[in-house]
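Structural description and commentary
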Amino acid sequence: MDVIQLWWLTLGIAAVVILVVAALLLWIARAAERIDAHALDIWRAGKSIAANTVQIWHLHKTNEVAGKILAGAQTIAGVALSIDDRLERLPAALKGDGA
């Protein structure tokens, strides 16, 4: 094998290596684009989840207010029962006073 044939062989091998490297780089670039697109989808989904669940942090305060409302309603119910009981006894008391 003379120098010219060796030169052509080396040039051919270099061309094949360059083509393989270029193909691999294109493959890596496409994979990176897909990863970037999926990461963007994940980011958007995360932002949507955060927006939809921000009210959960206020649930503790809501529970406290609901407890106070319940206590107030129970107090009102107790007073209403007391008034109802007194109204039931009123006619008997009025008959006793008038006779």
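A quick note: this is a predicted structure, and the numbers were derived from the prediction, not measured.

Basis of the calculations
- Residues numbered from 1 in each chain as written.
- Predicted model: local features only at pLDDT ≥ 70, side-chain atom pairs only at ≥ 80, totals over all residues.
- Heavy atoms only, no water.
- Helix = DSSP H or I, 4+ residues; strand = E, 2+ residues; numbered from the N terminus.
- Rg over C-alpha atoms; globule rule 2.2 N^0.38 Å.
- Buried < 20%, exposed > 50% of the residue type's maximum accessible area, 1.4 Å probe, protein only.
- Areas by Shrake-Rupley, 256 points an atom, 1.4 Å probe, with all protein chains shown as cover.
- Patch = residues over 30% accessible without salt bridge, like charges linked within 9 Å, V, L, I, M, F, W, Y side chains within 5 Å.
- Salt bridge = Lys/Arg side-chain N within 4 Å of Asp/Glu carboxyl O.

A count of helical and extended segments in the protein chain gives 2 helices and 0 strands. The C-alpha radius of gyration computed for the protein chain amounts to 42 Å, which surpasses the reference 13 Å derived for 99 residues by more than 25%, pointing to a less compact arrangement than a globule. Here the C-alpha coordinates of the protein chain stretch approximately 145 × 15 × 15 Å along the principal axes. Classification of the 99 residues of the protein chain by burial places 0% in the buried group. Split by element, the accessible area of the protein chain, about 9100 Å² in all, is 73% carbon and sulfur.

Let us now look at the environment of Glu33. Its place among the elements puts Glu33 in helix α1 (residues 3-53). We classify Glu33 as exposed; its relative accessible area is 58%. A sequence separation of 49 residues divides Glu33 from Ser82, and the C-alpha atoms of the two residues are 74 Å apart.

Residues Met1, Leu6, Leu9, Ile13, Val16, Val17, Val20, Val21, Leu24, Leu25, Trp27 and Ile28 make up a contiguous nonpolar surface patch of about 1200 Å² in total accessible area. With respect to the helices and strands, Val17 occurs in helix α1.

Take the pattern of salt bridges next. One pass over the structure, following the stated rule, counts 1 salt bridge. The salt bridge involving Asp85 is made with Arg89; its shortest N-O contact spans 3.6 Å. Pair noted here: Asp85 and Arg89 are both in helix α2 (residues 59-98), with a separation of 4 residues, about one helical turn. For Asp85, a relative accessible area of 36% puts it in the partly exposed group.

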